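Here is how the chains run, residue by residue.
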Amino acid sequence: MAALARAELTLLGRSKSTLLAAVLVPLVLPLSLASVVEDMEVQDVGLTTGLVLLPAAIGFSLLFGVYSALAAIYTARREELVLKRLRTGELRDAEILTGAALPVLATGLAQSLVLVTGSTILLDIPAPEAPHLAVLGLLTGLAMCAALAAVTAAVTRTVESAQVTTMPMVLVSMIGSGVTVPLELLPDRLASFCELLPLSPVIVLIRGGWTGDLSAYECLRAIAIALAWTVLAVFAVRRWFRWEPRR
């Protein structure tokens, strides 16, 4: 797995388009939301501009830097018969997929740490009240996005079409998971539905890590939803992931 991860890291550095989407896009997008968030009445629900932009920045990192990038990588390796050849060796299926994902997951983790540091300095965000919840939300998001990327790759024919097949997850998460608009600003019924979306519990845990106002029930509910999506995605990968090229 270490050798596979090193090889994937080398290939990631050579793929300029994937590297651009994984590194630069999540750093630029939150800046474009700053003026929009300032016009929202987030103070009425006990939030600040910084407490909206920081989870949004990490959400963008998970969506573009991990989920979209990894879906394209899995698709490319399958179509190039790399995954098929690896299955003839000693690695098991889970180890192959995990090894291929490690560089992207490490990049997403490092990027999130950079975003936290930059946001703390530039947006004057205080130290998190419950840092363990923020860490739990980030790690859960990384695992979930990796599993969902493998599911998306199973229905993606080419690397080019990965830009289309990942779009529903990206758009739904950006609009309904509290990334661009906090769920606290939505009507109660709509917010209750949006809480069940894949990325919503991750944003809830990360934001709750800074505000420290999550109750035990809200915390357990978010963890349960995140775990349910992750388990469902893992089951779908074991059942439907394709190791042969899609012709």
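Residues numbered from 1 in each chain as written. Predicted model: local features only at pLDDT ≥ 70, side-chain atom pairs only at ≥ 80, totals over all residues. Heavy atoms only, no water.

A. Quick peek at the overall build of the protein chain. The number of helices and strands found in the protein chain is eleven helices and zero strands. Moving toward the C terminus, one meets the helices and strands of the protein chain in the order α-α-α-α-α-α-α-α-α-α-α. Within the protein chain, the fraction of its 247 residues that count as buried is 48%. Taking the contacts inside the protein chain whose residues are at least 6 apart along the sequence as the reference set, 83% of them involve residues at least 24 apart. Within the structure as shown, the protein chain displays about 12,300 Å² of accessible surface, and the carbon and sulfur contribution to it stands at 67%. (Helix = DSSP H or I, 4+ residues; strand = E, 2+ residues; numbered from the N terminus. Buried < 20%, exposed > 50% of the residue type's maximum accessible area, 1.4 Å probe, protein only. Contact = heavy atoms within 4.5 Å. Areas by Shrake-Rupley, 256 points an atom, 1.4 Å probe, with all protein chains shown as cover.)

B. Representation of the packing of aromatic side chains within the structure. For the structure on display, the rule yields four aromatic pairs. Taken together, a centroid distance of 6.3 Å and an interplanar angle of 40° make the contact between Phe60 and Phe64 tilted. Here Phe60 and its partner Phe64 are both found in helix α3 (residues 49-79), four residues apart, which amounts to about one turn of the helix. Neither Phe60 nor Phe64 differs from the other in exposure class; each is buried. Relative to Trp240, the ring of Phe235 lies with its centre 6.1 Å away and its plane at 85°, an arrangement referred to as edge-to-face. One aromatic cluster is present, built from ring pairs that chain together Tyr74, Phe241 and Trp243. (Phe/Tyr/Trp six-rings, centres within 6.5 Å; stacked < 30°, edge-to-face > 60°.)

C. View of the packing of helix α6 (residues 131-154) against helix α11 (residues 216-240). The geometry of α6 relative to α11 is characterised by a closest axis approach of 9 Å and an angle of 25° between their N-to-C directions. Judged by the inter-axis angle, α6 sits roughly parallel to α11. With respect to the hand of their crossing, α6 and α11 are arranged in left-handed fashion. Taken together, the residues of α11 that come into contact with α6 (itself represented by Leu133, Leu136, Thr140, Met144, Ala147, Leu148, Ala150, Val151 and Ala154) are Cys219, Ile223, Ala226, Trp229, Thr230, Ala233, Val234, Ala236, Val237 and Trp240. Per-class residue counts for the contact of α6 with α11 are 17 nonpolar, two polar and no charged. (Axes fitted to C-alpha atoms, helices over the stretch in contact; angles between N-to-C directions. Parallel < 35°, antiparallel > 145°, perpendicular 65-115°, else oblique. Left-handed = near helix turned anticlockwise from the far one by under 90°. Nonpolar A, V, L, I, M, F, W, Y, C, P; charged D, E, K, R; others polar.)

D. Fine view of the pattern of salt bridges. Overall, the coordinates contain six salt bridges when judged by the stated rule. Of the charged contacts in the structure, one is a salt bridge between Glu79 and Arg78, with a shortest N-O distance of 2.8 Å. The residues Glu79 and Arg78 share a single accessibility class, namely buried. The shortest N-O distance in the salt bridge between Arg221 and Glu195 comes to 3.1 Å. You can see Arg221 sitting in helix α11 and its partner Glu195 sitting in the loop between α9 (188-194) and α10 (200-211), a full 26 residues away along the chain. Given a relative accessible area of 28%, Arg221 falls into the partly exposed group. (Salt bridge = Lys/Arg side-chain N within 4 Å of Asp/Glu carboxyl O.)

E. How the structure looks around the side chain of Thr156. One can find Thr156 in the loop between α6 and α7 (162-165). Within the structure, the side chain of Thr156 is placed 2.8 Å from the side chain of Thr165, a separation counted as a polar contact. Ignoring sequence-local partners within four residues, the contact set of Thr156 consists of Thr75, Arg78, Ser161, Ala162, Thr165 and Arg246. (Polar contact = N/O pair within 3.5 Å; in protein donor to acceptor, adjacent residues only side chain to side chain.)

F. Representation of the side chain of Ser200 in the model. With respect to the helices and strands, the residue Ser200 is situated in helix α10. Judged by its relative accessible area of 0%, Ser200 is buried. With residues near it in sequence (within four places) discarded, Ser200 still touches Gly176, Ser177, Cys194 and Glu195.

G. Focus on a nonpolar patch on the surface. A cluster of nonpolar side chains, namely Leu109, Leu113, Val135 and Leu139, defines an oily patch on the protein surface of about 350 Å² accessible area. If you list the elements that add at least two residues to the nonpolar patch, you get α5 (93-122) and α6. Structurally, the position occupied by Val135 is in helix α6. (Patch = residues over 30% accessible without salt bridge, like charges linked within 9 Å, V, L, I, M, F, W, Y side chains within 5 Å.)

H. Spatial organisation of the nonpolar core. Core analysis: the biggest nonpolar cluster contains 54 residues, and Leu62, Leu70, Tyr74, Leu199 and Phe241 have the highest contact counts within it. Per element, the largest residue contribution to this core is 16 residues, and it comes from α3. When neighbours within four sequence positions are excluded, Phe241 is seen to be in contact with Leu83, Leu97, Ala150, Ala153, Ala154 and Ala236. (Core = buried A, V, L, I, M, F, W, Y, C linked by side-chain atoms within 4.5 Å.)

I. Main features of unusual backbone geometry. We note that Leu81 has phi near 65°; this positive angle belongs to a residue other than glycine. Mapped onto the secondary structure, Leu81 falls in the loop between α3 and α4 (82-86).

J. Representation of the packing of α3 against α6 within the structure. It is at 8 Å that the axes of α3 and α6 come closest, and there the two elements cross at 35°. For the element pair α3 and α6, the recorded crossing hand is right-handed. Residues Ile58, Leu62, Val66, Tyr67, Leu70, Ala71, Tyr74, Thr75 and Arg78 of α3 touch α6, and the partners they reach there are Leu138, Gly141, Leu142, Cys145, Ala146, Leu148, Ala149, Ala150, Thr152, Ala153 and Ala154. Residue classes in the contact of α3 with α6 are distributed as 16 nonpolar, three polar and one charged.

K. Looking closely at α6. Here α6 spans 35 Å end to end across 24 residues, near enough to the 34 Å set by a 1.5 Å rise per residue. Burial within α6 is extensive, with 17 of its 24 residues counted as buried. (Expected span 1.5 Å × (residues − 1).)

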